[in-house]
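# An overview of the molecular structure
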Amino acid sequence: MSSAPLDLRLLSSFLAVVEEGHFGRAAARLFLSPPAVTQHVRRLETELGTLLVDRSASPVVPTPAGVRLAGHARVLLAASNAAVDDMAETVRLGRGAVERPLRVGIMGHGSAELTPAAINAYRRARPDVRVEIRQLDFTEHVTALTEDRVDVAFVRPTPDDARVVADVLTTEQRIVVVPAGSPLAEARLSGATVADIAALPFFRVPGHTPRTFTDYLYFGEEARRRSTDFAVTPQEVLTGVVTGRAAGSGLKSFARYYAWPGAVFVPVIDAPWESSYLAVRADEENPEVRIFRALAVALARELGPVINNEGLRP
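Residues numbered from 1 in each chain as written. Predicted model: local features only at pLDDT ≥ 70, side-chain atom pairs only at ≥ 80, totals over all residues. Heavy atoms only, no water.

Looking now at unusual backbone geometry. What you tend to see is this: most non-glycine residues have negative phi, and most peptide bonds are trans. Across the junction of S58 and P59, the peptide omega takes the value 5 degrees, indicating a cis bond. In this model, R156 is joined to P157 through a cis peptide bond whose omega is -15 degrees. With respect to the helices and strands, the residue P157 is situated in the loop between β5 (152-155) and β6 (164-172). (Helix = DSSP H or I, 4+ residues; strand = E, 2+ residues; numbered from the N terminus.)

The end-to-end C-alpha separation of helix α5 (residues 114-125) is 16 Å, in line with the 16 Å expected for 12 residues at 1.5 Å each. Every buried residue of α5 is accounted for by L114, T115, A117, A118, I119, A121 and Y122. (Expected span 1.5 Å × (residues − 1). Buried < 20%, exposed > 50% of the residue type's maximum accessible area, 1.4 Å probe, protein only.)

Under the counting rule described, the total for this entry stands at one cavity of 30 Å³ or more. What lines the largest cavity is a set of 14 residues, and nearest its centre among them are F138, R156, S249, G250 and F254. Secondary-structure elements contributing two or more residues to the lining of the largest cavity are α8 (211-217), α9 (234-242) and β10 (248-251). Classifying every residue of the lining of the largest cavity gives nine nonpolar, four polar and one charged. (1 Å grid on protein atoms, 1.4 Å probe; cavity = no way out; pocket = protein on both sides within 12 Å on 5 of 7 lines; lining within 4 Å. Points joined across faces, edges and corners; volume = space filled by probe spheres on them. Nonpolar A, V, L, I, M, F, W, Y, C, P; charged D, E, K, R; others polar.)

We now examine the packing of aromatic side chains. Where two aromatic rings form a pair, the distance of their centres and the angle of their planes describe that pair. Enumeration over the complete set of coordinates arrives at nine aromatic pairs. Here F138 and F213 contribute two aromatic rings whose centre-to-centre distance is 5.2 Å and whose plane-to-plane angle is 35 degrees, an arrangement assigned as tilted. Highlighted residues: F138 in the loop between β4 (131-136) and α6 (143-146) and F213 in helix α8, separated in sequence by 75 residues. On the basis of relative accessibility, which here comes to 1%, the residue F213 falls in the buried class. Ring geometry for F202 versus F219: centroids 6.5 Å apart, planes at 65 degrees, classification edge-to-face. Placement of F202 in strand β8 (residues 202-204) and of F219 in the loop between α8 and β9 (226-230) is noted, with a sequence separation of 17 residues between them. The same class applies to F202 as to F219, namely buried. Feature note: the residues F138, F203, F213 and Y216 constitute an aromatic cluster, connected by ring pairs. It is R174 that lies over the ring of F219; its NZ or CZ is 4.2 Å from the centre. Looking at R226, its charged tip hangs above the ring of Y218, at a distance of 3.4 Å from the centre. (Phe/Tyr/Trp six-rings, centres within 6.5 Å; stacked < 30°, edge-to-face > 60°. Lys NZ or Arg CZ within 6 Å of the ring centre and 35° of its normal.)

Looking now at the layout of surface pockets. Within this model, the largest pocket holds a volume of roughly 230 Å³. Every residue lining the largest pocket is counted, 15 residues in all, and those nearest its centre are R74, L77, A78, N81 and R301. Put simply, the parts of the chain that give the lining of the largest pocket at least two residues each are α1 (8-20), α2 (23-30), α4 (64-93) and α11 (287-309). Residue composition of the lining of the largest pocket, grouped by class: eight nonpolar, two polar and five charged.

This brings us to the sheet that holds strand β11 (residues 263-267). Taking strand neighbours across the sheet as the criterion, the three strands line up as β10-β7-β11 in an open arrangement whose pairing is antiparallel. Two strands close off the open sheet at either side, each with one partner strand: β10 and β11. Neighbouring strand axes in the sheet, compared pairwise and without regard to direction, differ in orientation by 35 degrees on average. Pairing analysis gives five bridges linking strand β7 (residues 174-179) to β11, with the strands arranged antiparallel. Following the sheet pairing, V177 is matched in β11 by F265. With respect to the sheet, α9 is in contact with β7, β10 and β11, its orientation differing from that of β7 by roughly 45 degrees. (Pairing = 2+ DSSP bridges. Axes fitted to C-alpha atoms, helices over the stretch in contact; angles between N-to-C directions. Contact = heavy atoms within 4.5 Å.)

With that settled, the discussion passes to the sheet that holds strand β3 (residues 102-107). The sheet built from five strands is open, its strands ordered β4-β3-β5-β12-β6 with mixed pairing. In this open sheet, the two edge strands, each paired with only one partner strand, are β4 and β6. On average, each strand axis in the sheet is inclined to that of its neighbour by 20 degrees, with strand direction left out of account.

So, about the side chain of R103. Inspection of the secondary structure assignment puts R103 in strand β3. For R103, the side chain forms a polar contact with the side chain of D148, separated by 2.7 Å. Within the local environment of R103, its side chain forms a polar contact with the side chain of D151, the two groups lying 2.7 Å apart. (Polar contact = N/O pair within 3.5 Å; in protein donor to acceptor, adjacent residues only side chain to side chain.)

The quantities given are spatial measurements derived from coordinates; they are silent on function.
Written as structure tokens, this is what we have:
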């Protein structure tokens, strides 16, 4: 196997074949001839010492090695495209080094393991740009972006605001978190239904919390009872839970990040799965935001299915 850097042209042809399932359609998409695309894939296979696509299948499918390479190819090509956009912007504005930091907002644990993966990928791709991490509370689901306190935000669910656009990163089962002494704690393995959780004392949130976020928290108002306790962060939720004063809700990965003694996480088996998102301003022109977004979306395609199921293994 060659130790030379991977040629982005070859990766582009290979990824097009994987996504189109056909050499001819891949060639048309890239404005190349089918023989050129075929040669590109063969060169990659020679350099890597393994077959990357099963040509006998219809449509063409990647081999196990090809599936793995496709994930890397998406990340590398996204970074390359974002870099081209950034340089074009730099030339257009006639500016030198980037001075403004990229401000990354994270609500709760963000998009599970994908959050640090995306931040670290961006730092490797843009080592000269300072990254500032800002923790968001439940009320900042939209306002952190619209009031220009952050440039990108890991949130859930998708903001219902025309000023914001969002990309799906992970999709997970819903859970509720209850005290260990709660009768519902016995369902930690078997799961509970939405009807089972309706009488739990769910924590309150301030009145200016976006309706889309409260619908998410309370399962569209199916969870009707409210505690007297307010919370705007996961830590406040868990404090209310372990002291027996409130219940909370979240995504399945919440349990991996907030394993507090005395808190039990119960799957809600008949609730629709929900997604986490990377949100940005709809009119955003900062090229650094485009780079971060491209990397996060590419990583989500590669790592998202694993995280959605059970999280990344150490």
